[in-house]
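# Reading the structure
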There are 2 protein chains.
Amino acid sequence: MSRRSYGQFCGLVRAAELVAERWALLIVRDLLVSPKRYTDLLNGLPGIPTNVLAARLKQLEEGGVVRRRLDDRAVLYELTEYGQELEAAVLALGRWGARMLTEPAPDEVVTPDSMVMAFRSTFRPEAAQGLTASFEVRLGEIALHVHVEDGEAHVDAGAAPAPDLVIETGPAIKALMAGELTPAEARANGSVRLTGDPRLLDRFAALFRI
Amino acid sequence: MSRRSYGQFCGLVRAAELVAERWALLIVRDLLVSPKRYTDLLNGLPGIPTNVLAARLKQLEEGGVVRRRLDDRAVLYELTEYGQELEAAVLALGRWGARMLTEPAPDEVVTPDSMVMAFRSTFRPEAAQGLTASFEVRLGEIALHVHVEDGEAHVDAGAAPAPDLVIETGPAIKALMAGELTPAEARANGSVRLTGDPRLLDRFAALFRI
DNA sequence: CGGGATCCCTTAGGATACTG
DNA sequence: CAGTATCCTAAGGGATCCCG
């Protein structure tokens, strides 16, 4: 038995050996958003040592979680089908952890992929009934888009093609999602700026809940 | 920012910092089964160094996951309400990891609490409709009991008070739960031994599915 | 420039012994 | 029983270097 193994025949132990290693869950998180190149992963995970990224990718590949693919003369890392099935567990963990969040520490950053997963994990299908709309959310440099249709949401990185509402905001987005700030208050105190149909902000705020 | 922090303001990162440390998920798993004393945790997690257990418990306590309680002149560790809300995520991870399990390696052990969580994570409520029954499962030294009622299951460590069916088995239980072995085959080849109402074995096998 | 490998140093974690 | 204390190894952090 490997030195890093826990020596138990147990599903949770297998999962822990694969994804509870340092940085592994964050690599999986970013790959759940989209397949990426080595350098994209490095950039999306500020602070990860390059040797650790290489080692994790190798282990995740051996574990059947990640696949290395050659695409257009570049190396692409993507989740296998088995890896994608981690989504439910990752979303559950993210939801749980988000309840602990208060304010960002001064040295803490927000990455585009972490925002995408934050929205995915807090989406409430029941609030999307009868709504078809496209949103773009901007936090500083970060842009992501939310498309809602048929009670389903698709959240991805980047700008939306033709958003019904563009929401420019900042850290206050967390208060809005936690219900500590109403949409009306957010507009009034300037913590969100809207472009498009402003009535959609209420619907948007109901869609996601920490 | 602590050296072990990931420096991101993100729910998943917070969760990872708390429970993706080495051994932390297994400590949580065992505490999800029942509150325990320090020595019980040591015994239930073969191979954990005592200093690591002490360090983890301290961190989990600081993180609001675990509470240290004095009970009857002994120290009891138990999950806080917040810690108990990890159950959904832990079960999801355990289910995911269980799909990777093939055979136990020669040096891998099975602990009572890992079995309890395996049953909890694979329970299918739809298979329990209209069933009220009490089972005891024995694997070598390990005994656990399953009580099914109103489409809900309660799985806990230890023998059942008055089981309708006692199932003595071995590693074959995993094949049975994975659907690789039918109840009839399991009885025929001797990989399960029954005491009580043998017709309940079919129901039992349907209740849990990897 | 993308995709790593290598180096050095620090620290967490494993093994075991010991104590209030 | 509930942990410290200690020693040692291996993994992780940080920077740089290398190769196609």
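In this report, we go over the structure that sits alongside the text. (Residues numbered from 1 in each chain as written. Chains lettered and ligands numbered in written order. Predicted model: local features only at pLDDT ≥ 70, side-chain atom pairs only at ≥ 80, totals over all residues. Heavy atoms only, no water.)

## Looking at the packing of helix α2 (residues 24-33) of chain A against helix α1 (residues 11-19) of chain B
Quick reminder of the rule: Lines fitted to the C-alpha atoms define the axes, with helices restricted to the stretch that makes contact. Angles between their N-to-C directions range from 0 to 180 degrees. Only DSSP runs of H or I with at least four residues qualify as helices, and only runs of E with at least two residues qualify as strands; both kinds are numbered from the N terminus onward. When an angle is under 35 degrees it counts as roughly parallel; over 145 it counts as roughly antiparallel; between 65 and 115 it counts as roughly perpendicular; any other value is oblique. Put simply, a crossing is left-handed when the front helix is turned counterclockwise from the back one by less than a right angle, and right-handed when it is turned clockwise. Should any heavy atoms of two residues lie within 4.5 Å, those residues are counted as being in contact.
Here α2 of chain A crosses α1 of chain B at 160°, and the two axes come no closer than 10 Å. With respect to their mutual orientation, α2 of chain A and α1 of chain B come out roughly antiparallel. In this structure, α2 of chain A meets α1 of chain B at a crossing whose hand is right-handed. Here L25, L26 and R29 of chain A of α2 of chain A lie close against α1 of chain B, whose contacting residues are L12, V13 and A16 of chain B.

## Quick look at the sheet that holds strand β6 (residues 165-169) of chain B
All names here are of chain B. Selection rule: Paired strands, in this sense, are two strands between which DSSP finds at least two bridges.
Pairing is mixed in the open sheet, where five strands are placed in the order β5-β4-β3-β6-β7. Where the open sheet ends on each side, the last strands, each with one partner, are β5 (152-157) and β7 (192-196). This sheet shows a mean twist of 20° between the axes of neighbouring strands, independent of strand direction. Across the sheet, helix α10 (residues 200-207) touches β3 (133-139), β4 (142-149), β6 and β7, and the angle it forms with β3 is around 80°.

## Observations regarding the pairing of strand β2 (residues 74-79) of chain B
Residue and element names in this part refer to chain B. Note the following rule: Each residue gets one of three labels from its accessible area relative to the maximum for its type: buried under 20%, exposed over 50%, partly exposed in between, using a 1.4 Å probe on protein chains only.
Among the six residues in β2, five count as buried, and that is most of the element. The sheet contact formed by strand β1 (residues 66-71) and β2 spans six bridges and is antiparallel. Within β2, the residue paired with L70 across the bridge is V75. The turn joining β1 and β2, which pair antiparallel and follow one another in sequence, is formed by two residues; a positive phi near 60° is taken by D72.

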